[in-house]
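Observations on chain architecture
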Amino acid sequence: MPRILFIYNPRSGTGKIGASLSDVVDIFTKNGFEVTVYPTQSPGDCTRRVIAAADESFDRIVAAGGDGMMHELIVGIVKTQSQTAVGFIPTGTVNDFASTHGIPKTISEAAENAVRGTVVPIDAGRFNGTYFSYVAAFGMATHVSYSTNQRAKNIFGSFAYFLEGVKSLDLIHWQKSTSALKITAGNMDVSGDFIFGAVTNTTSLGGIANFLPEGTIMTDGLLEGIFVKQPKTLAELEQIRRWLFNRSFESPCVIFRRSSSFHIEPLNPEEKITWTLDGENGGAHGEVNIEVLPLAINIALPKSEIISKKGG
């Protein structure tokens, strides 16, 4: 009988996975799997359990939680270079990863997809010595996703993630949130003052669907980079406001680039930039190298989602 490891975060979102745990196990069992259940105990626990599972011959690993849980799952899979198929049940507040890949938001449907969906390879990202599933970001408001308390997230959802940043859209605050950087990607080599940057493999960011321009594909061996320059005038500030709310990439203050790798370094060698990886605290870094890991994760996705991405 094939074996499945089910790892879940009992504290994710509103903790709703607890009430559905029996139903999830029942779905897995009815689909012919012998189920091992593991509730995470602390940050990073999912990664540790996935690494340990490399010697236990599981046929599938399924995680339930928010985007941070998917981050930990992917880190464990990539670190062990595992080809084991994975599934994901989104129970977080924003669930960008699930939105991007069309994974159902209801627990029972996501559980069915995790064992009955079509397993396909997707890209992941490498960030210096670690990995991410869909975004590495720095700058203003990026820390909100992991500093906002859980109760506020549960009440306000994705709005809580951006509340602090949006209410601070004033020229003086943005001047204080600036980092002087050199950014290299393919034939692009720019230096300047930046207030925000994100290297992504997603179409949903901060709960905003279709955040990236058309043509963003999670299996093309490319990452998308968005870098926002410091506004020097009120007119430039207004341009950035329009970009934020309309996702128009025509603003001269917003740089967009597709590339297989990005190199980002502070112009001041002593400066360290705080990063987030998939909404989790990624630490402070000086020089950063980010590159795509083509087709590194084998994940179960709905057949309809795969057909739509292939254009039928």
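Structural notes, computed from the coordinates. (Residues numbered from 1 in each chain as written. Predicted model: local features only at pLDDT ≥ 70, side-chain atom pairs only at ≥ 80, totals over all residues. Heavy atoms only, no water.)

Attention now goes to helix H2 (residues 45-53). Of the positions making up H2, those classed as buried are Asp45, Cys46, Thr47, Arg49, Val50 and Ala53. Elements in contact with the buried residues of H2: strand E1 (3-8), strand E2 (34-39), strand E3 (60-65) and helix H3 (67-79). (Buried < 20%, exposed > 50% of the residue type's maximum accessible area, 1.4 Å probe, protein only. Helix = DSSP H or I, 4+ residues; strand = E, 2+ residues; numbered from the N terminus. Contact = heavy atoms within 4.5 Å.)

Time to look at unusual backbone geometry. Although it is not a glycine, Asn128 sits at a positive phi angle of roughly 45°. In this structure, Leu295 takes a positive phi of about 50° despite not being glycine. For Leu295, the location among the structural elements is in strand E15 (residues 288-301).

Here the focus is the nonpolar core. Generally speaking, soluble globular proteins have nonpolar side chains that are buried together. Phe6, Phe28, Ile61, Leu73, Ile89, Ile297 and Ile299 are the most contacted members of the largest nonpolar core, which has 44 residues in total. If you tally residues by element for this core, the top one is H3, at seven residues. Once you skip the residues sitting within four places of it in the chain, Ile89 turns out to touch Phe6, Val24, Phe28, Val62, Ala63, Ala64, Gly65, Ile107, Ala110 and Ala111. (Core = buried A, V, L, I, M, F, W, Y, C linked by side-chain atoms within 4.5 Å.)

Here we come to the packing of aromatic side chains. One pass over the full model with this rule turns up seven aromatic pairs. Here Phe88 and Phe97 contribute two aromatic rings whose centre-to-centre distance is 5.9 Å and whose plane-to-plane angle is 90°, an arrangement assigned as edge-to-face. Residue Phe88 shares its accessibility class with Phe97, and that shared class is buried. Judged by centre distance (6.4 Å) and plane angle (75°), the rings of Phe194 and Phe227 are edge-to-face. With Phe194 in strand E9 (residues 188-200) and Phe227 in strand E10 (residues 223-229), this residue pair connects regions lying 33 residues apart in the sequence. Judged by its relative accessible area of 1%, Phe194 falls in the buried class. Through a chain of ring-to-ring contacts, three or more aromatic side chains come together here, namely Phe6, Tyr8 and Phe28. Here the basic side chain of Arg49 rests over the ring of Tyr38, its NZ or CZ set 5.8 Å away from the ring centre. (Phe/Tyr/Trp six-rings, centres within 6.5 Å; stacked < 30°, edge-to-face > 60°. Lys NZ or Arg CZ within 6 Å of the ring centre and 35° of its normal.)

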